[in-house]
Amino acid sequence: MVALVSNWPDRVRFAASGPIRGAWEGDRFVKQYTLAELASCCAVPFDGDGSTVITDAAVIAVAGSGDLTFARDEVNLSKLSSCGASAAIIPLGCELPGLPVLMADDPTRVFVNVVKLFRPAPLEYPAGISPLAHVDSSAQLDDTASVQAGAVIAANVEIGPRSQIHGGVQILPGTRIGSDCVIFPNVTIYEHVVIGDRVVVHAGCVLGGYGFGYDLVDGSHRLGYQLGNVIIEDDVDIGPCSTIDRGTFGPTRIGAGTKLDNHVQIAHNCCIGHHNIICALAGIAGSVTTGDYVVIGGQVGIRDHTKICAEVRVGAQSGIMQDITEPNTYLGSPAVQDQQQLKTFAVMRHLPEMRKRLRQVQRELSELKSRLDGDGLISEDAA
Amino acid sequence: MVALVSNWPDRVRFAASGPIRGAWEGDRFVKQYTLAELASCCAVPFDGDGSTVITDAAVIAVAGSGDLTFARDEVNLSKLSSCGASAAIIPLGCELPGLPVLMADDPTRVFVNVVKLFRPAPLEYPAGISPLAHVDSSAQLDDTASVQAGAVIAANVEIGPRSQIHGGVQILPGTRIGSDCVIFPNVTIYEHVVIGDRVVVHAGCVLGGYGFGYDLVDGSHRLGYQLGNVIIEDDVDIGPCSTIDRGTFGPTRIGAGTKLDNHVQIAHNCCIGHHNIICALAGIAGSVTTGDYVVIGGQVGIRDHTKICAEVRVGAQSGIMQDITEPNTYLGSPAVQDQQQLKTFAVMRHLPEMRKRLRQVQRELSELKSRLDGDGLISEDAA
Amino acid sequence: MVALVSNWPDRVRFAASGPIRGAWEGDRFVKQYTLAELASCCAVPFDGDGSTVITDAAVIAVAGSGDLTFARDEVNLSKLSSCGASAAIIPLGCELPGLPVLMADDPTRVFVNVVKLFRPAPLEYPAGISPLAHVDSSAQLDDTASVQAGAVIAANVEIGPRSQIHGGVQILPGTRIGSDCVIFPNVTIYEHVVIGDRVVVHAGCVLGGYGFGYDLVDGSHRLGYQLGNVIIEDDVDIGPCSTIDRGTFGPTRIGAGTKLDNHVQIAHNCCIGHHNIICALAGIAGSVTTGDYVVIGGQVGIRDHTKICAEVRVGAQSGIMQDITEPNTYLGSPAVQDQQQLKTFAVMRHLPEMRKRLRQVQRELSELKSRLDGDGLISEDAA
């Protein structure tokens, strides 16, 4: 079998799928198509030199020589003539931009297909348990589940149909994972966590660690109860290195359809609503509840026991210190409505100048009073 | 052996411990007790319908039908009649709240016992080394230590009595772990780290990574020395995905009894005092020292080489830029004493209005001067 | 073979390298040298009692009895007489400080050598694949690469000369790693990541996780395309638990010589320049580009699609909301030039007092107007 070097960004080699395309350039084998060939692959018309050689696909901002790019609106169409791309995909019927083009009803869709042509074929992980995985004999795995080398699955764990468990994943006893989930490498899932269907947990996540609650007893911090668990509802995605702590008595819950970015911290007893978006490095303290369709920006902090109603948006780096009962966008630490906060931010830049002006006003006022008092024209009694 | 479905939140199945309780509901086996049975289990009196069926225990804020809840003060007792719980545990001798109750000297303690009845029995990890763990022949493990499948323990590592090493833990050469520690899955401990007794390190932590210090030499960043290590004293807890970097020449040290939350970063050469509490996503830069009983809120940042005296409290998201020598609560970035900062925060909301008022004052003052000057009544010399 | 207890901070034992030095103290074997022996080891002159026993080396701030410390400038030389060290290394020709000394052209270099004497010998990981690692048969590893127990290397992965892959590392199919890299334990590298030469990836990192981009379709968040990869150029260091997400269509790129601290988040499509320094817990949102020699402080957040020019420095906890086109230091959230921001911070502390003064000014002004109006001396028409 010959290993080929593709034009995958930089130097990745992969086994070509389908007919081998391309040519050797020194020690690199570069995949390439002519524009006419791509037009034929995608069943769309082209205009300009059909023999133009295309070696990759890229968005306008970074496209260079050999790249096919795309534009679907006036703003991007106007950039085509000055961008570095060798050709572009444009909407059918729009004005020609002066470089070779494919024309398509939906330029984005065609672009995606071209990108895929230049990328390795998607990977399929076969069903079944790798002989190099460690699965406890009491665990119940669906026959169509896939467990990779180096995964460790403890007693009484259940895993549903078509779910994939990658290498290095550690699942402690009593956890249950539904169907069509993907648990990426090196994830740790503590005891008795419940995961629904179509959940994606990215590498390095920790689900079910201890809640961070302590009582000070005789000068030492005594850990609170850890009798709850974590429940991840259907269609949740959890980004790399995020952590969700187990509840004190009952569950910490992530609502269906919610998406967490990287390094997100969800503390014990939280109840996160449906279809929330929680961006990287956000920290949600204990017993917070959020409604549905809440969007939380990066590095946001939310105080413990706060209640946030549905459809709230919180700007990056904000700090939420109290309940939010009105759907709106909030910003700042402590956070207020963003329109108000932006005004405050704008004024803050003028603070040193304001302070000078205030001093000047005080000086002038004092001067004025002196003038009035000095002239003796106005009696003090009059005031 | 029949696998049973418990009423563990949602759908976890576990092997019942003790007598099997409950009934099938479709494909779920729900554990349940009558109130009278629970009263008998807990050796406390009850009032109201003893045949009330209890299927779980939950705090008032989330309790629903079938749940037993508890209240121990006036505030919570007053919520009982309107909460969704089927029954409650209340203090002996207090007024009956209109739903069935257990009565107890210490409602919290009884509640905890009831929660445990509804949860799977706590897990015990047997002593000994799993045949699926990889332990270097030069490592010295106490016979009562427990090493799970998939752990890797390198040369010259020592592990004391009753300490548990979970799967996926990687311990590099020369590290020493005391007695009664728990190292949860996928933790990495670099070379020559020293860990005391009763230390808990949660999943995904990294202890002993390189300190982040570089010198710019000929246009490139050259890594500083990494000749120190990390010392974790007794009774420290470290939350999931936290990291503690090794010292430059000597140790980075975490004092006895200190508790770290998730995603905490402790940089090289830090010396953290005893019984500190450091909340999630806090970042402590290099060579910081803290006294005892310091509490650091979530997402706090502390500048390198800062010294913080004992019993300081730092509010969430604060930034500490200079030494703190007085025990107090500090807030904001840059942080000042919280009472002062809260006043500043309160005024900040009025900044746009203050700016308008300042302009108005300037206008009025200028007008007034014009009136005075215009009337010619007051001579300039008088001022 | 006798396991010895060194004087490594606290209680780590290691096999002594070279001649055994030291003496038993109870159950601890403490390594020690006389000052004269150290002078001889380092080929430098000494002054004072050559029989002074030295048991460790430490910087002035933490040095105690038995420690050798060093000073190379006036500030530190003046601290020597009052610090706890038993001896010091000082520059040749400078005034003697009143404790035994070694004298050296370069005190730092000699100090480093002494520290090394007291530390375990550096570790060497042998070339070759541990029989306890899992390497796919299609992977191409250089003979001099080293793969430790518990690593999992998937199909079509390539690893260059002398690169070390530690235990628990999971490398998914198609990834390529250059020469002289170190991938510390429990790192996850997703499919088709490209890593250059001399790259260090610390424990717990995740490279190539999915970009956090979603479209709201029929009330659900639909994940964006994940057709790109991650490219790490030569000489990059990545601190523990950092994450770099894969690009949408093309790469997320980290430029040569750039150093990332712990818990750093680099989102999809970012293009980070050469020789950047990015401190702990910083979050860089999608499609950000930075020039060369940019320094980003701890807990900084950078908005998506922001462009930052070369040689910009961003203070800790800042928030960058818009492009930066001028090399300078920026601070605050939202960030402005640091000199301006420091003035604003200084004024903020006076805000409550400013508000009072503004009220006072308004009151006085109104009083003054009343006096003028009340006296009837100034006609309204004059204004």
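Numbers given for residues are sequential positions, taken from 1 along each chain in its written order. Throughout, the order in which chains and ligands are written sets their labels, letters from A for the former and numbers from 1 for the latter. Predicted model: local features are reported for residues with pLDDT of at least 70 only, side-chain atom pairs are reported and counted for 80 or more only, and whole-chain, interface and lining totals are derived from all residues. Side-chain metrics rest on all non-hydrogen atoms present in the structure, leaving aside hydrogens and water.

1. Some points on the sheet that holds strand 8 (residues 56–57) of chain B
Residue and element names in this part refer to chain B. As a reminder of what qualifies: Strand pairing is assigned whenever DSSP identifies at least 2 bridges connecting the two strands. Secondary structure is summarised from DSSP: a helix means a run of H or I of at least four residues, a strand means a run of E of at least two, and numbering begins at the N terminus for each.
Strand order in the open sheet made by the five strands is 6-11-10-9-8, with mixed pairing throughout. Either end of the sheet is taken by a strand with one partner, and the two such strands are strand 6 (46–47) and strand 8. Pairing analysis gives two bridges linking strand 6 to strand 11 (residues 101–104), with the strands arranged antiparallel. Looking at the pairing, Phe 46 lines up with Leu 102 of strand 11.

2. Considerations on the interface of chain C and chain B
Here is the rule: Note on contacts: a residue pair qualifies if any of its non-hydrogen atoms lie within 4.5 Å across the two residues. By buried area we mean how much accessible surface two parts lose on assembly, using a 1.4 Å probe and totalling the loss over both. Salt bridges, as used here, are contacts in which a Lys or Arg side-chain nitrogen is within 4 Å of a carboxyl oxygen on Asp or Glu.
Opposite the 69 residues of chain C that make contact, chain B presents 79 residues. Between chain C and chain B, a total of about 6,100 Å² is buried, with carbon and sulfur atoms accounting for 64% of that surface. Remark: the boundary between chain C and chain B carries one salt bridge. Linking Lys369(C) and Glu364(B) is a salt bridge whose minimum nitrogen-to-oxygen distance equals 3.8 Å.

3. Observations concerning the domain arrangement of chain A
How we decide: An automatic or database domain assignment is the source of the domain bounds shown.
Considered domain by domain, chain A is made up of domain 1 (32–118), domain 2 (128–340) and domain 3 (351–382). A straight line from the C-alpha centre of domain 1 of chain A to that of domain 2 of chain A covers 41 Å.

4. Notes on the relation of the copies chain A and chain C
The test is simple: Superposing copies: least-squares fit, C-alpha atoms only, residues required to have pLDDT of at least 70 in both.
Superposing chain A onto chain C takes a rotation of 120° plus a shift of 0.0 Å along the axis, which leaves an RMSD of 0.1 Å. The two molecules are tied by a three-fold rotation axis, judged by turn and shift.

5. Quick word on the packing of helix 1 (residues 35–42) of chain C against helix 3 (residues 107–118) of chain C
Residues and elements named next belong to chain C. The cut-off we apply is this: Only C-alpha atoms enter the line fits that serve as axes; for helices the fit covers just the stretch in contact. Angles between N-to-C directions range over 0 to 180 degrees. Any angle that is under 35 degrees is reported as roughly parallel, and any over 145 degrees as roughly antiparallel; angles of 65 to 115 degrees are reported as roughly perpendicular and all others as oblique. Crossing handedness is defined as follows: a turn of the near helix away from the far one that is anticlockwise and smaller than a right angle gives a left-handed crossing, while the clockwise case is right-handed. We call Asp, Glu, Lys and Arg charged. Ala, Val, Leu, Ile, Met, Phe, Trp, Tyr, Cys and Pro are nonpolar, and the rest, Gly among them, are polar.
The geometry of helix 1 relative to helix 3 is characterised by a closest axis approach of 11 Å and an angle of 115° between their N-to-C directions. Compared by their axis directions, helix 1 and helix 3 come out roughly perpendicular. In the crossing of helix 1 with helix 3, the sense of the turn from one axis to the other is right-handed. On helix 3, the residues that touch Leu 38, Cys 41 and Cys 42 of helix 1 are Val 110, Val 114 and Leu 117. The class makeup of the residues in the contact of helix 1 with helix 3 is six nonpolar, no polar and no charged.

6. Here's the deal with the pairing of strand 10 (residues 87–91) of chain C
All names here are of chain C. What counts here: The classification of residues rests on relative accessible area computed with a 1.4 Å probe and restricted to protein chains. Under 20% of the type maximum is buried, over 50% is exposed, and intermediate values are partly exposed.
Buried residues dominate strand 10, accounting for five of its five residues. Sheet topology note: the strand 9 (residues 67–70)/strand 10 ladder contains three bridges and is parallel. Within strand 10, the position partnered with Phe 70 by the bridge is Ile 89. Strand direction decides the pairing type here: strand 10 and strand 11 (residues 101–104), joined by four bridges, are parallel. Bridge assignment links Ile 89 to a residue of strand 11, and that residue is Leu 102.

7. What to know about the pattern of salt bridges
Tallied over the full model, the rule gives 27 salt bridges over all chains. Here Asp56(A) and Arg119(A) are joined by a salt bridge, their closest N and O atoms 3.3 Å apart. Of this pair, Asp56(A) sits in strand 8 (residues 56–57) while Arg119(A) is found in the loop between helix 3 (107–118) and strand 12 (128–129), placing the two residues 63 residues apart along the sequence. For the pair shown, Asp56(A) and Arg119(A) are each scored as buried. Salt-bridge contacts for Lys259(B) lead to Asp237(B); the nearest nitrogen and oxygen are separated by 3.7 Å.

8. With respect to empty space enclosed by the protein
Note the cut-off: Whether a set of points on the 1 Å grid over the protein atoms alone is a cavity depends on a 1.4 Å probe fitting there but being unable to get out, while an open set qualifies as a pocket with protein on both sides within 12 Å along at least five of seven lines; lining residues are those with an atom within 4 Å of a point. Grid points are joined across faces, edges and corners, and a volume is the space filled by probe spheres set on the points.
One pass over the structure, following the stated rule, counts nine cavities of 30 Å³ or more. Taken as a whole, the largest cavity holds about 950 Å³ of empty space. Along the wall of the largest cavity there are 48 residues; nearest its centre are Ser333(A), Gln317(B), Ser333(B), Gln317(C) and Ser333(C). Counting residues per element, the ones that place at least two in the lining of the largest cavity are helix 4 (338–348) of chain A, helix 4 (338–348) of chain B together with helix 4 (338–348) of chain C. Ranked by residue count, the leading element in the lining of the largest cavity is helix 4 of chain C, at five residues.

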